[in-house]
Amino acid sequence: MEVSGIVKRVGGTQQISASFKKREVVVTTEEQYPQHISIEFVQDKTDLLDSVREGEKVTIGINLRGREWTSPQGEVKYFNTIQGWRIEKSNPAPAPSNPAPQGGAAPSTDFGTPPSMTPYEEDDDDLPF
């Protein structure tokens, strides 16, 4: 599954135990009713967020995780997490390489007349097949 949107926040790496670390990113979806989705990256995947900046548009590959927990009083609760495993920045639209001068006309798109095309002539064929 994937989630796409604008990065709202990139959290720091949290060392939960000697052998477990995590890092969260919040992405705001671009839809009629935007959602702020918190996505958790764990272990070596935390490094994927090093180059991500707030305001960038991204697509994140995710897995849904769920677990059951029983309290000391015997009450059973369920928890869900969204775990990221891939993040890709969306490329912004390229800027025009030769924009129109201010107040002037747009550059011409006339590339001239194409060269004439001559039909295939069998006599000039020197290929061995």
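Residues numbered from 1 in each chain as written. Predicted model: local features only at pLDDT ≥ 70, side-chain atom pairs only at ≥ 80, totals over all residues. Heavy atoms only, no water.

### A closer look at the overall build of the chain
Alright, step 1. Scanning the chain from N- to C-terminus turns up 0 helices and 6 strands.
Alright, step 2. Scanning the chain from its N terminus toward the C terminus, one meets helices and strands in the order β-β-β-β-β-β.
Alright, step 3. Looking at the chain as a whole, 21% of its 129 residues are labelled buried.
Alright, step 4. The long-range fraction of contacts in the chain, counting pairs at least 24 apart against all pairs at least 6 apart in sequence, stands at 49%.
Alright, step 5. Just so you have it, the chain exposes about 10300 Å², and 52% of that area is on carbon and sulfur atoms. (Helix = DSSP H or I, 4+ residues; strand = E, 2+ residues; numbered from the N terminus. Buried < 20%, exposed > 50% of the residue type's maximum accessible area, 1.4 Å probe, protein only. Contact = heavy atoms within 4.5 Å. Areas by Shrake-Rupley, 256 points an atom, 1.4 Å probe, with all protein chains shown as cover.)

### A word on the confidence of the model for the chain
Alright, step 1. Here the chain averages 83 in pLDDT, and 70% of its residues register 70 or above.
Alright, step 2. Averaged over each element, pLDDT in the chain is lowest for strand S2 (residues 14-17) (94) and highest for strand S4 (residues 36-42) (97). (pLDDT = per-residue confidence, 0-100.)

### Focus on the environment of valine 58
Alright, step 1. Its location among the elements puts valine 58 in strand S5 (residues 57-70).
Alright, step 2. Sequence separation between valine 58 and serine 4 is 54 residues, and the spatial gap between their C-alpha atoms is 5.7 Å.
Alright, step 3. Leave out the neighbours within four places in its chain, and valine 58 touches Val3, Ser4, Gly5, Val7, Val27, Ile87, Glu88, Lys89 and Ser90.

### Focus on the pairing of S2
Alright, step 1. The pairing of S2 with strand S3 (residues 20-28) spans 3 bridges and is classified as antiparallel. Paired with glutamine 15 across the two strands is lysine 21, which belongs to S3.
Alright, step 2. Hairpin connection between S2 and S3: a loop of 2 residues separates the two successive antiparallel strands. (Pairing = 2+ DSSP bridges.)

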